[in-house]
Amino acid sequence: MFSNRLQTIKPSPSMAAKSVVERLRAEGRTIMDFTIGEPDLPTPPAILDAAAAAMRRGETRYTAAAGTLALRRAIAAKLLRDNRLAYDPAEIVAGCGGKQVIFNAFAATLNPGDEIVVLAPFWVSYPDIALLCDARPVIVAASAENGWKVPVEAIAAAITPRTRWLVINSPNNPTGAVYSESELEGIADILRRHPDIRLLSDEIYEHFVYDGGRHLSPVEIAPDLRERTLIVNGVSKSYCMTGFRIGFGAGPRPLIDAIAKLATQTTTCADAVGQAAATAAFSGEQDSLRAMVALFAERRDAMVTGLAGIDGLICPSPAGSFYVFPSIAGLIGRATPEGHVLASAADVALYFLEWAGVATVAGESYGMPGFLRLSFATSTADIREGCSRIKGACSLLGSNSASRQK
Ligand code: PLP
């Protein structure tokens, strides 16, 4: 028997896709993997050296539940340098990835029947973590026509007396949308009308902004929200450290203490060696990060170019993160060479996997049917090859059965 709670959630779809890719590769197939939610580059050597040195110094023991003071100081310095925000180390908690910080924040604040407002398309874990905490995710959908920004009136309309959190994720996974200053102002105005609602600002892709754009934290735009905002970030994406499992939350002291209290009875603390490595990542040279973002801009262009002009697929160029989120609405209703009619993005993803050996994640996972997520955190050669395979697979599709009937 398993708990009712477990039955309310789904396994993470990108983790599930990753295991399918591994299985197919083990069977000898060459798969272009566009499901990847992590940079493919190695962790910078200085960070690895810092981890090794920490182990040799004996930093292999439990740390404070909130994380080492060295790490929290490094995070405070990072927040000042990168985000122009002053936080005291006591207002910062480290966790086993940003994901665990979000889990602990929700578990520490949500009661049965409470609601969180999530903007779709969303990172898959926000709704499921809320469900695990017996709360109800209220989804507000954005549209591609609005650049994947949810109009403020729609956010305002979703708020009820049970709303406890508004979650925003800019740069966004999966759409790459980056919220502008005026859009953040609009969101801040809504929150000012609801003083009891907290804001979760997931800034994990902050450095992945292209074309001279700039990530802004809502706290920078609206300092009056500081006392009810939890900034979540970490080293996974920016420093190629997903396996180190270090993330952090910065926010008001009572919330930070509550998150750390939960850690004392669950994980105790984040990995000590990982914390030393993350300290080095935040404090060391930032050139590798800048070089990676420049490389990712080229990869984004390669993917957008590779998908351009494919009949049935529309792929705008994302402003940030490392995903494209094309509409595949034009492929729905068309028949595969085996005569199977594609009825959903999940069908399209399966078709691309089987016929083109290209792995993608269906938009349904992000609360947005009719779209696919493709990660460009992979080599330009694979991006080119994968896009040309997709083009080939699309050219094999029959015409739309609906238009045939006309
Ligand atoms: N937030 C978003 C939007 C993400 O895409 C991810 C990872 O995929 C995370 C948070 C969590 O990252 P981590 O737990 O590795 O810090």
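This text goes with the structure placed above it.
### Re the layout of surface pockets
Working step 1: If you add up the space inside the largest pocket, you get close to 710 Å³.
Working step 2: As for the largest pocket, its lining consists of 32 residues, of which Ser14, Met15, Gly37, Lys237 and Thr242 are closest to the centre.
Working step 3: Going through the elements one at a time, α2 (13-26), α5 (98-109) and α6 (125-132) are the ones with two or more residues in the lining of the largest pocket.
Working step 4: The element contributing the most residues to the lining of the largest pocket is α2, with 6 residues.
Working step 5: Along the lines of polarity and charge, the residues of the lining of the largest pocket split into 12 nonpolar, 10 polar and 10 charged.
Working step 6: Per-domain counts for the lining of the largest pocket show at least three residues from each of domain 1 (4-42 + 288-394) and domain 2 (45-284).
Working step 7: In this structure, the second largest pocket encloses a volume near 300 Å³.
Working step 8: Lys10, Val124, Ser125, Asp128 and Ile129 are the residues nearest the centre of the second largest pocket, which is lined by 18 residues in total.
Working step 9: Elements supplying a minimum of two residues to the lining of the second largest pocket: α5 and α6.

### Overview of the pattern of salt bridges
Working step 1: Within the structure shown, the criterion is met by 23 salt bridges.
Working step 2: The network of salt bridges with shared partners includes Lys78, Arg81, Asp82 and Glu206.

### Concerning the site of the ligand
Working step 1: Around the ligand lies a shell of 13 residues, among which Gly98, Asp202, Ser236, Lys237 and Arg245 are the nearest.
Working step 2: With respect to the ligand, the backbone of Lys99 contributes an N or O atom lying 3.0 Å from an oxygen atom.
Working step 3: Separating an oxygen atom of the ligand from a side-chain N or O atom of Arg245 is a distance of 2.7 Å.
Working step 4: The fraction of the free accessible surface of the ligand (400 Å²) that becomes covered by protein chains is 92%.

### A short note on the pairing of strand β2 (residues 92-95)
Within a regular strand, the side chains alternate between the two sheet faces.
Working step 1: The side-chain alternation of β2 yields two buried faces, one formed by Ile92 and Ala94 and the other by Val93 and Gly95.
Working step 2: Two elements, β2 and strand β8 (residues 247-250), share 4 bridges in a ladder whose sense is antiparallel. Paired with Gly95 across the strands is Gly247, a residue of β8.

### Let's talk about empty space enclosed by the protein
Working step 1: Under the definition given, this model contains 3 cavities of 30 Å³ or more.
Working step 2: The computed volume of the largest cavity comes to approximately 110 Å³.
Working step 3: Lining the largest cavity we find 15 residues, and of these Leu119, Pro121, Asn169, Asn172 and Tyr179 sit closest to its centre.
Working step 4: Looking at the lining of the largest cavity, the elements that each hand over two or more residues are β3 (115-120) and β5 (163-169).

### With respect to unusual backbone geometry
Working step 1: A cis amide bond links Ala120 with the next residue in sequence, Pro121, at an omega value of 0 degrees.
Working step 2: Locating Pro121 in the fold gives a position in the loop between β3 and α6.
Working step 3: Each neighbour pair has its own omega, and for Asn173 with Pro174 the value is 20 degrees, a cis peptide bond.
Working step 4: Its place among the elements puts Pro174 in the loop between β5 and α8 (181-192).
Working step 5: In this model, Arg84 sits at a positive phi of 55 degrees, which is unusual for a non-glycine residue.
Working step 6: Looking at the secondary structure, you find Arg84 in the loop between α4 (69-83) and β2.
Working step 7: With phi around 55 degrees, Asp211 is a residue other than glycine that occupies positive phi space.
Working step 8: One can find Asp211 in the loop between β6 (198-202) and α9 (218-221).
Working step 9: Exposure remark for Asp211: the relative accessible area of 64% places this residue in the exposed category.

Thresholds applied
- Position labels on residues start from 1 in each chain and follow its written sequence.
- The predicted origin of the model limits local features to residues at a pLDDT of at least 70 and limits the giving and counting of side-chain atom pairs to 80 or more, whereas totals for whole chains, interfaces and linings rest on all residues.
- Each side-chain value is worked out from all heavy atoms of the structure, with water and hydrogens disregarded.
- Site definitions follow a grid-based scheme: protein atoms alone, a 1 Å grid, a 1.4 Å probe that fits but cannot get out for cavities, and for pockets an open set with protein on both sides within 12 Å along at least five of seven lines, plus lining residues having an atom within 4 Å of a point.
- Grid points are joined across faces, edges and corners, and a volume is the space filled by probe spheres set on the points.
- To qualify as a helix, a DSSP run of H or I must reach at least 4 residues; to qualify as a strand, a run of E must reach at least 2; elements of each kind are numbered from the N terminus.
- Nonpolar residues are Ala, Val, Leu, Ile, Met, Phe, Trp, Tyr, Cys and Pro. Charged residues are Asp, Glu, Lys and Arg, and all others, Gly as well, are polar.
- For the purposes of this description, domain bounds are those given by an automatic or database domain assignment.
- A carboxyl oxygen of Asp or Glu within 4 Å of a side-chain nitrogen of Lys or Arg is what we treat as a salt bridge.
- When at least one non-hydrogen atom of a residue lies within 4 Å of a molecule or strand, that residue is treated as near it.
- What qualifies as a polar contact is a pair of N or O atoms within 3.5 Å, subject to a donor-acceptor requirement within protein and to the restriction that residues adjacent in sequence count only when both atoms come from side chains.
- What sets the accessible areas is the Shrake-Rupley method with a 1.4 Å probe; for residues, cover comes only from the shown protein chains.
- Accessibility here uses a 1.4 Å probe with only protein chains present; expressed as a share of the type maximum, an area under 20% marks a residue as buried, one over 50% as exposed, and anything in between as partly exposed.
- A pair of strands is considered paired only if DSSP assigns at least 2 bridges between the two.

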